[in-house]
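One-letter residues, chain by chain:
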Amino acid sequence: MDAALTPTLLWLPTLLSALVSTLSVGLLMHSLRRMNSSDLITASVWWVAGAVTCGSGLWAAQYFALSAVEVHWELAYRPNGMGVTWLVAVLGSAVVLSSTKLKLREEALVVVQALLWATLWWGVMALAQRSLVGGTSLSVVTQRIPLAPMGLVFASAMAALWLAFGTRWADLGRFTSRQWVGASIFGLLAGMAQDIAISRMGFEAAAVLTEGTALDRNVVQLVSSAGTLAVLLGLFGVLVDSRAHGRNMILASSLSEANRRLRDLALADPLTRLPNRTLFEEKLNEALERVGTDPSSLAVLFIDLDGFKPVNDSFGHVAGDAVLRDVGRRLQQLARQSDVVARVGGDEFLLLAERPGGDTGAAQVAQRVLDAVSQPYTLPNGVEVNLSCSVGIVMYPEGGPAKKLLANSDAAMYAAKRAGGSTYAFFESSMEQDARNQLEIQHDLRSAIERNELELYYQPKIDGKSGQITGAEALIRWHHPKRGLVMPGIFIPVAERFGLIGALGNWVLEESCRQLREWLDQGLRMRVAVNLSVHQLRQEDLVPRIRRSVESHRIDASLLTFEITESVAMEDTQTTMKAFAQLAHLGATVSIDDFGTGYSSLAYLRKLPARQLKIDRSFVMDLDTSTDALAVVDAVIKLAHALGLRVVAEGVETARQRDILLSLNCDELQGYFFAKPMSAAKLTLWAMVDDKDEQQDFRPSLYVSGHQMLQ
């Protein structure tokens, strides 16, 4: 028969149904989120637990709603129908949870999951209603559930999922808050949908049910409470998991913050707190992506301080560090907000200027850098010092590809250095070849020692009175397989720039000692002068290394003379005096090279345990043409003799120069007039030749047998 009535609903079971729906969807969203875990076990556990709890909640919500139906006869429920309905709810929930593994965009995935959940809700509602029968009138539900409730559930599910998982809503609060707000919206609208569906139910006659094959409303409510209990257990699991997840998030946040701080420390210069080279290169790459290939869209300035080493060495590293920090602050103050200032070396800085305004704008930035750096610095001890800097500028894209910007700016900076410093220079294509040559030289130089490409040449020193050889200066040469004979003026500056000078100095020392032993074995006693760089003077193991070389080659340390330039000797007087004293104690002779070109203090000069002064060749070259040069040389010789020092003049090329030096009582002479630098083998042969040339009378003095050895 047709529908007999429109059923009414009891308010308490209806409210309970809406609440269970809310909790079920909340559990569903939490399970969906945990399904994304990279841990397979965690994802699997939440898949099973979520399917059971969410399905049980959906099932319980439907039967709570049906138990609220109020008619004039008693209603009953088929147990097998309820069991099938529960199984469909659980399996359907598992399908919904599995959808999170679909490779879909965020919007599409929300639509798919909402559609699956709405379809499941509609199917479970239909099965639940089909399990409802009349206990006395033998009536069953016959009218189909309208599609309108399914549409309402779909819309509410999509709204809830979109609010919880949509990235655009992330700024509204944490996921947990958005999750339960969305679940509450769904529960309210799902309750309305259930009301609509139940209000459209109808009944008609059916076969007689035997006693015991149906459950009454009280039993169904009790059974539904078991489903609600599953939901509550799931909710408890969510709370525990959320709390643990919260702790993990706090730990992860702390770890992330620690990693960020470590990264900042790793990418920041510890002294100035400016970015280091690594971070500068990152910022440079980001800027290159922004500016594209527009002309003069970017400028890189390489800044190197002029005169910093004397300040650092004379006043100590504390003063030097204070100067570097001050330079960093000044560069930051003149830089724009979009610019990047970095410290990339001892006294080297970089400045990245994005869209500087072409060459003119970049030049103005460089001039501001020069002006800022040249302002006086007050050291911690109150002393005021002045510095300058050299600036190399490279424009992008005119100055080369992105990967060469730093190298090209460095080449431009060295061009500014060669121009006298305290200026700036733009990169030119010719500088690229120079930079490439330097890179190739330093690359080849690293393996030159292993390949036996280095050789020592020796230039004799001549006693002014007797004309006898007093020794020879060791001068390094490089037999490059492609470049041929490379002079030290080319590769020594490269070695100093790239940190290879220490290895070269060690090789020169070892080779000099080896050659001295070989000459002694041949009956030839020779003194050898070896140049020491500032880098070697600062090595703590310099003197012990010299001692080991002397002992291993079984030579007398008195056969070694160590030449140190005047400027190096005066840069760090404490280090110099300490090294000089140790070398003198070892028995070696110490000589101050290139005297007259530096800024010697007579007080320090008097205290240094040096035994020689070597007059720079620039004065010797002008002896016969310049009265000033003559006066300087005369004064140096008299000063040295007054201090008990012997004087060596280098660069003697004419007989006139020789005669003037001898008239001034110069002790030793060295230069092309006597002999050019030559290999050890040639020097041995040259010393043994006996002809009638007037410059050969001193050669036999080298031999131990038949002649008095030099002391």
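Quick look at the overall build of the chain now. What the chain contains, in helices and strands, is 24 helices and 24 strands. For the chain, the residues scored as buried account for 50% of the 711 residues in total. Of all intrachain contacts in the chain linking residues separated by at least 6 positions in sequence, the fraction that spans at least 24 positions is 72%. Summed over its atoms, the accessible surface of the chain is roughly 33900 Å², and 57% of this surface lies on carbon and sulfur atoms.

This brings us to the sheet that holds strand β10 (residues 348-354). Strand order in the open sheet formed by five strands is β9-β10-β8-β13-β14, with mixed pairing between adjacent strands. Each of the sheet's edge strands pairs with one partner strand only, and the pair in question is β9 (340-343) and β14 (424-426). Ignoring strand direction, the axes of neighbouring strands in this sheet form an average angle of 20°. Relative to β10, strand β8 (residues 298-306) runs antiparallel, the two sharing seven bridges.

Membership of the largest hydrophobic core comes to 76 residues, with the highest contact counts inside it found for Tyr-458, Trp-519, Ile-546, Phe-562 and Leu-661. By residue number, the principal contributor to this core is helix α15 (residues 501-521), which donates eight residues. Excluding anything up to four places from it in sequence, Ile-546 contacts Leu-509, Leu-560, Phe-562, Leu-583 and Leu-586. With 34 residues, the next largest nonpolar core counts Leu-301, Ala-372, Tyr-377 and Leu-387 among its residues.

Let us look at helix α8 (residues 277-291). Spanning 15 residues, α8 covers 21 Å between terminal C-alpha atoms, matching the ideal 21 Å at 1.5 Å per step. Buried residues along α8 sit in contact with β8, β9, β10, β13 (388-396) and α12 (405-418). Where α8 begins, the capping side chain belongs to Asn-276, and its oxygen is found 3.3 Å from the backbone nitrogen of Thr-278.

Before going further, it helps to spend a moment on a nonpolar patch on the surface. On the surface, a cluster of nonpolar side chains totalling about 520 Å² of accessible area is made up of Trp-47, Val-48, Val-52, Trp-86, Leu-87 and Leu-91. Broken down by secondary-structure element, the contributors of at least two residues to the nonpolar patch are α2 (40-66) and α3 (79-98). Counting through the fold element by element, Val-52 comes out in helix α2.

Another aspect to go through is the environment of Ser-618. Its place among the elements puts Ser-618 in helix α21 (residues 617-621). You can call Ser-618 partly exposed: its relative accessible area is 34%. Expressed as a C-alpha distance, the spacing of Ser-618 and Ala-629, which sit 11 residues apart in the sequence, is 8.6 Å. A polar atom in the side chain of Ser-618 sits 2.5 Å from the side chain of Asp-616.

A word on the pairing of strand β19 (residues 560-565). A large share of β19 lies buried, amounting to five of its six residues. Strand direction decides the pairing type here: strand β18 (residues 528-531) and β19, joined by four bridges, are parallel. Bridge pairing links Val-530 to Phe-562 in β19.

What follows is about the layout of surface pockets. In this structure, the second largest pocket spans a volume of roughly 890 Å³. Considering the residues around the second largest pocket, the lining is formed by 35 residues, among which Glu-473, Leu-475, Pro-488, Asn-531 and Asp-593 are closest to the centre. Element by element, the count of residues in the lining of the second largest pocket is highest for strand β16 (residues 469-480), at five residues.

Let's shift gears to the pattern of salt bridges. All chains considered together, the criterion is met by 22 salt bridges. When the shortest N-O distance is used, the salt bridge between Asp-326 and Arg-330 registers 3.4 Å. Here Arg-330 and Asp-326 lie together in helix α10 (residues 317-334), a separation of four residues that amounts to about one turn. For the pair Asp-326 and Arg-330, one class covers both residues: buried. Among the salt bridges present, the one from Asp-521 reaches Arg-517, with a minimum N-O distance of 3.0 Å. In this pair, Asp-521 and Arg-517 both sit in helix α15, four residues apart, roughly one turn of the helix. According to the relative accessible area criterion, Asp-521 is exposed, its value standing at 54%. Under the relative-accessibility criterion, Arg-517 is labelled buried at 17%. What you see here is one network of salt bridges that share partners, running through Lys-461, Glu-473, Glu-563, Lys-614, Arg-617 and Glu-650.

This next bit is on the packing of aromatic side chains. If you walk through the whole model with that rule in mind, you get four aromatic pairs. With a centroid separation of 6.2 Å and an interplanar angle of 85°, the aromatic rings of Tyr-424 and Phe-426 are classed as edge-to-face. Here Phe-673 and Phe-674 contribute two aromatic rings whose centre-to-centre distance is 5.1 Å and whose plane-to-plane angle is 85°, an arrangement assigned as edge-to-face. For the pair shown, Phe-673 and Phe-674 are each scored as buried. Geometry around Tyr-377 places Arg-330 over its ring, the cationic atom sitting 3.8 Å from the centre. Lying over the aromatic face of Tyr-672, Lys-676 brings its terminal NZ or CZ to 5.5 Å of the ring centre.

Criteria and cut-off values
Residues numbered from 1 in each chain as written. Predicted model: local features only at pLDDT ≥ 70, side-chain atom pairs only at ≥ 80, totals over all residues. Heavy atoms only, no water. Helix = DSSP H or I, 4+ residues; strand = E, 2+ residues; numbered from the N terminus. Buried < 20%, exposed > 50% of the residue type's maximum accessible area, 1.4 Å probe, protein only. Contact = heavy atoms within 4.5 Å. Areas by Shrake-Rupley, 256 points an atom, 1.4 Å probe, with all protein chains shown as cover. Pairing = 2+ DSSP bridges. Axes fitted to C-alpha atoms, helices over the stretch in contact; angles between N-to-C directions. Core = buried A, V, L, I, M, F, W, Y, C linked by side-chain atoms within 4.5 Å. Expected span 1.5 Å × (residues − 1). Polar contact = N/O pair within 3.5 Å; in protein donor to acceptor, adjacent residues only side chain to side chain. Patch = residues over 30% accessible without salt bridge, like charges linked within 9 Å, V, L, I, M, F, W, Y side chains within 5 Å. Salt bridge = Lys/Arg side-chain N within 4 Å of Asp/Glu carboxyl O. 1 Å grid on protein atoms, 1.4 Å probe; cavity = no way out; pocket = protein on both sides within 12 Å on 5 of 7 lines; lining within 4 Å. Points joined across faces, edges and corners; volume = space filled by probe spheres on them. Phe/Tyr/Trp six-rings, centres within 6.5 Å; stacked < 30°, edge-to-face > 60°. Lys NZ or Arg CZ within 6 Å of the ring centre and 35° of its normal.

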